[in-house]
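Structural characterization, general
This is what each chain is made of:
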Amino acid sequence: MNIKFFLFLWIISCTAFAQTAEFPVSKVDSIVRRIQLPVFPSYQINISKLGAKGDSVSNTKAIFDKAMALCKKNNGGTIIVPKGIYKINGPIHFVSNVKLKLEKGARIKFSDNPKDYLPMVLTSWEGTMLYNYSPLIYAYDCTNISITGEGTIDGAGGNIWKSFKAKETEGKNRSRDMNHNNVPLKDRKFGEGYFLRPQMIQFFNCKNIVVEGVRIENSPFWCLHLLKSQSITIKGISYKSLNHNNDGIDPEYAKDVLIENVNFDNGDDNVAIKAGRDHEGRANTATPSENIIIRNCNFKGLHGVVIGSEMSAGVQNVFVENCKTNGYLKRGIYLKTNADRGGYIKNVFVRNIKLDEVEDCLYITTNYHGEGNGYQSDISNIHFASISCNKASESGIVIQGFPDKKIENITLKNIEIKEAKNALSNENADNVLMTDVFIGKRAGVPTAVSKN
């Protein structure tokens, strides 16, 4: 090949790559326009009119069930929860076309008796489909649903549910063996004796969803699980949920999601984007998580935004912008997978992020926990711009691929990490473009040779 022609092609390819690294505002706008908000009939029912007592003692489970049944009879409506503390010994199961509105001063406080969350329902646990305890709020195959208002949802996860963590290993390993061995779904029964904690809120195979304004506290497990659902708006909610595995928001096999103006304070990841685990996630019927926007959020917890590690169906088109920390994070932005997962992570755009103190600022790895064999993941087209961090107690930027499966097309532009124990670790990655990246003290004008 003519050397001039080769150089021409190289310049063109570099220019095209640089252009694709720009934050795609028009793409974000098109996703937002495509998300449909739920529409509800005019019917309303106040649970106090049905006899609910907000005295923190009386069990209002039957009253919430009745309110939901009345809404179903009227083709939907709004369930109003007035000021008070409403004890519920069991789950709330949504039907379509229902808004649950918690007024200021209202608190829904769930019981922590595991027997209250039986019979089992179809759900998912860390990326594997199975039957387990019902999530505390559960919507399956619903359209047009919403949880709004200024009240609080309390999952009572800090006592009995918290104790399950030390006992879950047998059940967890059993679920993963069933995943790997393609055990029929009908035979994946867990519940009592297996100690797999339920999610606090799960929307499963639902669409046109809004969660706005409410406060989420004290979850048994993941707080808000968006499973096989689409057209979702999560807006203006807040958290104080510091138990084991208290992820804030987990989109999994989810599509067209807007997460904005959220104040996180979680015992685990703030947002963890997932797409199934291992063999089940790689099945032909599995769908990727895609078109997810995270913006104007305040992070506090373990990690800010995570993709993985359960992502075997793939994750693509993720847009994170205009976020900052309210406190310590272990890692700011964290992309993680291993050689058991397969799948891909691609087309991730992150910009305008302000981090305070972290352990690691930006971390991309295909060797999470050093596990797995035979199913290496593809990571490509990851773009970071305009990110500041005051201190990384360990690493500023980490990129870890495999020699035979390299991470590709990473751009880092206008990154400033003022202090880091280890500045940069970059291995097995192709086409890493760095522009205006400062880790540690910025270099000034070079000093002249002194004359003696």
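Look a little higher up for the structure.
Residues numbered from 1 in each chain as written. Predicted model: local features only at pLDDT ≥ 70, side-chain atom pairs only at ≥ 80, totals over all residues. Heavy atoms only, no water.

Here's the deal with the state of the cysteines
Cysteine pairs can be covalently joined through their sulfur atoms, and such a bond is termed a disulfide. Summed over the entire model, instances satisfying the criterion amount to zero disulfides. With no disulfide of its own, Cys 71 lies closest to Cys 142 among cysteine sulfurs, the gap being 12 Å. By relative accessible area, which is 0% here, Cys 71 ends up buried. Cysteine Cys 206 is unpaired, with the sulfur of Cys 142 as its nearest cysteine sulfur at 4.7 Å. By relative accessible area, which is 3% here, Cys 206 ends up buried. (Disulfide = S-S within 2.5 Å. Buried < 20%, exposed > 50% of the residue type's maximum accessible area, 1.4 Å probe, protein only.)

Details of the sheet that holds strand S2 (residues 55-59)
Strand pairing within a sheet occurs via backbone hydrogen bonds; the two strands may be parallel or antiparallel. An order of S2-S4-S7-S12-S15-S18 is seen for the six strands of this open sheet, with the pairing classed as parallel. Each edge of the open sheet carries a strand with a single partner, namely S2 and strand S18 (238-240). Geometrically, the sheet is characterised by an average inter-axis angle of 20° between neighbouring strands, direction not taken into account. Against the sheet, helix H3 (residues 61-73) contacts S2, strand S4 (84-88) and strand S7 (106-110), and its axis sits at roughly 90° relative to S4. (Pairing = 2+ DSSP bridges. Helix = DSSP H or I, 4+ residues; strand = E, 2+ residues; numbered from the N terminus. Axes fitted to C-alpha atoms, helices over the stretch in contact; angles between N-to-C directions. Contact = heavy atoms within 4.5 Å.)

A word on the side chain of Ser 377
Summarising the element assignment, Ser 377 is placed in the loop between strand S27 (344-365) and strand S28 (378-400). Of the residues examined, Ser 377 reaches a relative accessible area of 2% and is grouped as buried. A distance of 2.6 Å separates polar atoms of two side chains, one belonging to Ser 377 and the other to Thr 337. Looking at Ser 377, its side chain comes within polar contact range of the main-chain oxygen of Gly 342, at 2.6 Å. Residues within four places of Ser 377 in sequence aside, it is in contact with Met 311, Thr 337, Asn 338, Arg 341, Gly 342, Gly 343, Thr 366 and Lys 405. (Polar contact = N/O pair within 3.5 Å; in protein donor to acceptor, adjacent residues only side chain to side chain.)

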